[in-house]
Amino acid sequence: MLAAALLGTLFASYGILKPLRDNVGQYFGRELLPRIWLGTAVVTVLATALLGAAVSRFSRRRFAPWAFASFALVTGATWLGYRATDGQHGFWLPAAFYWWVSSYLMVGLALFWGMMADLHGPTAGKRWFGPIAFGGTLGNLGGAKFTQLGAERLGLMPLLGIAVLLLAAATGLCVLLLARTPQTGTDAHAQSRGVGGKWWQGFAACVRSPYLGGILAYVALQTFASAVLSLEVLDAVKAHFGDDQPARTAFNASLDFWTQTVTLGLQLLVVGPLMQRFGTGVALAVQPLAYAIGFVVLPFARGGTFLAAIACFEVGRRSANYGLAKPGRDALFTVCAPADKYKAKSVIDAAGFRVCDYVFGETTNLWRKALARVVGSGIGAAAVVTVPIALAWAGLAVGLGRMQARRASAAADAATPS
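(A) Highlighting the overall build of the protein. Scanning the protein from terminus to terminus reveals 13 helices and zero strands. Mapped from its N terminus to its C terminus, the protein presents α and β elements in the order α-α-α-α-α-α-α-α-α-α-α-α-α. Intrachain contacts of the protein at a sequence separation of at least 6 include 86% that bridge at least 24 residues. Carbon and sulfur atoms provide 68% of the accessible area of the protein, an area that totals close to 16800 Å².

Rendered as structure tokens:
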């Protein structure tokens, strides 16, 4: 319950900050946004390296509360920056805000789910990661709904201040969670001394291990498809709402609200039984199949229905990610060594995501424009490329599920007395 509450509070803050960040991204536009993603990638890689160094040296009980407290402090500094500039903030403050919001949750979630993988084995992970993630989705749902209602009534600055308070509450819940965690087995090692090694160990592990490399490849394919769709959403929203920032923020929050509504049902009722019955690979494969179906249908939407169609697509792919793929991907790490649960996981879930965001965001505009001359439209070009990649991505998901099952079986055999 404490784990679900911590994740819920963390996501409630993000439910407020993400629509504000998306509003900033739409302000920058399609041509500039991929370059903004470069800054996000740099900040996330640096934060991942810092987390790797902290995990190596300090026990989880020491560095985890400080990590969550830093999230509140930096977000509070951003709030002060906006207050001080009084609307005359130019380029750097909005860019820094975008970089921070895009980075902090990735690193925070990698740390959180690393702790969860430490506390749960493969069987317990399949059973409990869905309900724990349900707490996060409930928080995100509340944050998104609050932002949707408050964007025009309260204004953007009070919303940012509330997000700071929520991150401070997450720090307190982290302390309570770790204070009540028993120190047994590998968990005792991680809590009392840290996992050892060097800060770059997680980066090297993703290259050496086929299993971790496969998870990184899954993330890379996900970020490719997400970058393609995100730019289509950006164009559709900007064309419909223009420069009306409160309306754009409310629309972004509405997307988040309906995403989390669908995700709640998937996490509470579907993902646990699905992974226990059919394995992790099936849960991981739903998201790429959703992309394949969506990009087949989307080119046929025209006129006023296009915004509605792309909004439904966005809700479907996000809920498949949060409700099925994310708990499944987190469960993959329950069969990994303690160092990989923290270091490699943060490399994959944080640095890997954001570096691929930039690479694919920067290149998508180029190949989309070139291919559009051949197929006749930008959305058609996106579909021609993304659909076959999504099908290959689904095949990789099934393969990862089989690899996890083999690792879990080998660990169980090794633990069984002869």
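(B) Here's a closer look at the side chain of Ser319. Within the secondary structure layout, Ser319 lies in helix α11 (residues 305-332). Setting aside residues up to four positions removed in sequence, Ser319 forms contacts with Thr259, Val262, Thr263, Leu266 and Leu324.

(C) Fine view of the side chain of Asp330. Counting through the fold element by element, Asp330 comes out in helix α11. What makes Asp330 buried here is its relative accessible area of 0%.

(D) Layout of helix α7 (residues 201-208). Along α7, the residues classified as buried are Gly202, Ala204, Ala205 and Cys206. In this fold, the buried residues of α7 make contact with α8 (210-241) and α12 (338-375).

(E) Highlighting the nonpolar core. Judged by nonpolar contacts, the single largest core of 110 residues is most densely connected at Tyr104, Phe112, Trp113, Met116 and Phe295. For this core, the element with the most residues is helix α3 (residues 92-119), which contributes 18 residues.

(F) Quick look at the packing of aromatic side chains. This structure, assessed with the given rule, holds nine aromatic pairs. For the ring pair Phe224 and Phe360, a centre distance of 5.3 Å and an interplane angle of 85 degrees mean the geometry is edge-to-face. Of this pair, Phe224 sits in helix α8 while Phe360 is found in helix α12, placing the two residues 136 residues apart along the sequence. A residue is classified by how much of its surface remains accessible, and Phe224, at 7% relative accessible area, is buried.

(G) Geometry of α12. Helix length check: α12 (38 residues) gives 49 Å between terminal C-alpha atoms against 56 Å at 1.5 Å per residue, more than 12% under. Along α12, the helix axis deviates most sharply at Gly352, where the bend reaches about 35 degrees. Trailing α12 by a residue or two, Gly376 shows a phi angle of about 100 degrees, which is positive.

(H) Summary view of the environment of Ala405. Mapped onto the elements, Ala405 comes out in helix α13 (residues 378-415). Accessibility expressed as a relative area gives 44% for Ala405, which makes it partly exposed. In sequence terms Ala405 and Pro122 are 283 residues apart; their C-alpha atoms lie 8.9 Å from each other.

(I) Representation of the pattern of salt bridges within the structure. Applying the stated criterion across every chain, the model contains seven salt bridges. Residue Arg317 is joined to Glu314 by a salt bridge in which the shortest nitrogen-to-oxygen separation is 3.0 Å. Linking Arg317 with Glu314, this pair stays in helix α11, spanning three residues, or about one helical turn. Both residues of the pair, Arg317 and Glu314, belong to the buried class. A salt bridge links Asp330 to Lys345, with the shortest nitrogen-to-oxygen separation between them at 2.8 Å. Of this pair, Asp330 sits in helix α11 while Lys345 sits in helix α12, and the two are 15 residues apart along the sequence. The class for Lys345 is buried, based on a relative accessible area of 0%. Through salt bridges with shared partners, a single network forms among Lys326, Arg329, Asp330, Lys345 and Asp349.

(J) The state of the cysteines, seen in detail. In total, this model carries zero disulfides according to the counting rule given. Cysteine Cys206 is unpaired, with the sulfur of Cys336 as its nearest cysteine sulfur at 9.7 Å. Note on Cys206: relative accessible area 7%, which makes it buried.

(K) Geometry of the packing of α8 against α12. The contact between α8 and α12 brings their axes to 7 Å, and the two run at 40 degrees. By the criterion of interaxial angle, the relationship of α8 to α12 is oblique. The handedness of the crossing between α8 and α12 is right-handed. Split by residue class, the contact of α8 with α12 holds 15 nonpolar, six polar and five charged.

(L) Structural context of the environment of Ile16. Within the secondary structure layout, Ile16 lies in helix α1 (residues 2-57). Among the residues examined, Ile16 registers a relative accessible area of 2% and is labelled buried. For the pair Ile16 and Ala163, spaced 147 residues apart in the sequence, the C-alpha separation amounts to 6.3 Å. With near-sequence residues (within four places) excluded, Ile16 lies in contact with Gly143, Phe146, Thr147, Leu159, Ile162, Ala163 and Leu166.

(M) Focus on the environment of Leu229. Secondary-structure assignment places Leu229 in helix α8. The spatial distance from the C-alpha of Leu229 to the C-alpha of Phe295 is 8.8 Å, given a sequence separation of 66 residues. Apart from the residues within four sequence positions on either side, Leu229 is in contact with Tyr291, Phe295, Ile310, Phe313, Glu314 and Arg317.

(N) Structural detail: the packing of α8 against α11. The interhelical angle for the contact between α8 and α11, taken along N-to-C directions, is 160 degrees, at an axis separation of 11 Å. Comparing their axes, α11 and α8 come out roughly antiparallel. Here α8 runs over α11; the crossing is left-handed. Split by residue class, the contact of α8 with α11 holds 15 nonpolar, five polar and four charged.

Calculation criteria
Residues numbered from 1 in each chain as written. Predicted model: local features only at pLDDT ≥ 70, side-chain atom pairs only at ≥ 80, totals over all residues. Heavy atoms only, no water. Helix = DSSP H or I, 4+ residues; strand = E, 2+ residues; numbered from the N terminus. Contact = heavy atoms within 4.5 Å. Areas by Shrake-Rupley, 256 points an atom, 1.4 Å probe, with all protein chains shown as cover. Buried < 20%, exposed > 50% of the residue type's maximum accessible area, 1.4 Å probe, protein only. Core = buried A, V, L, I, M, F, W, Y, C linked by side-chain atoms within 4.5 Å. Phe/Tyr/Trp six-rings, centres within 6.5 Å; stacked < 30°, edge-to-face > 60°. Expected span 1.5 Å × (residues − 1). Bend = angle between axes of the 7 residues up to and from the residue. Salt bridge = Lys/Arg side-chain N within 4 Å of Asp/Glu carboxyl O. Disulfide = S-S within 2.5 Å. Axes fitted to C-alpha atoms, helices over the stretch in contact; angles between N-to-C directions. Parallel < 35°, antiparallel > 145°, perpendicular 65-115°, else oblique. Left-handed = near helix turned anticlockwise from the far one by under 90°. Nonpolar A, V, L, I, M, F, W, Y, C, P; charged D, E, K, R; others polar.

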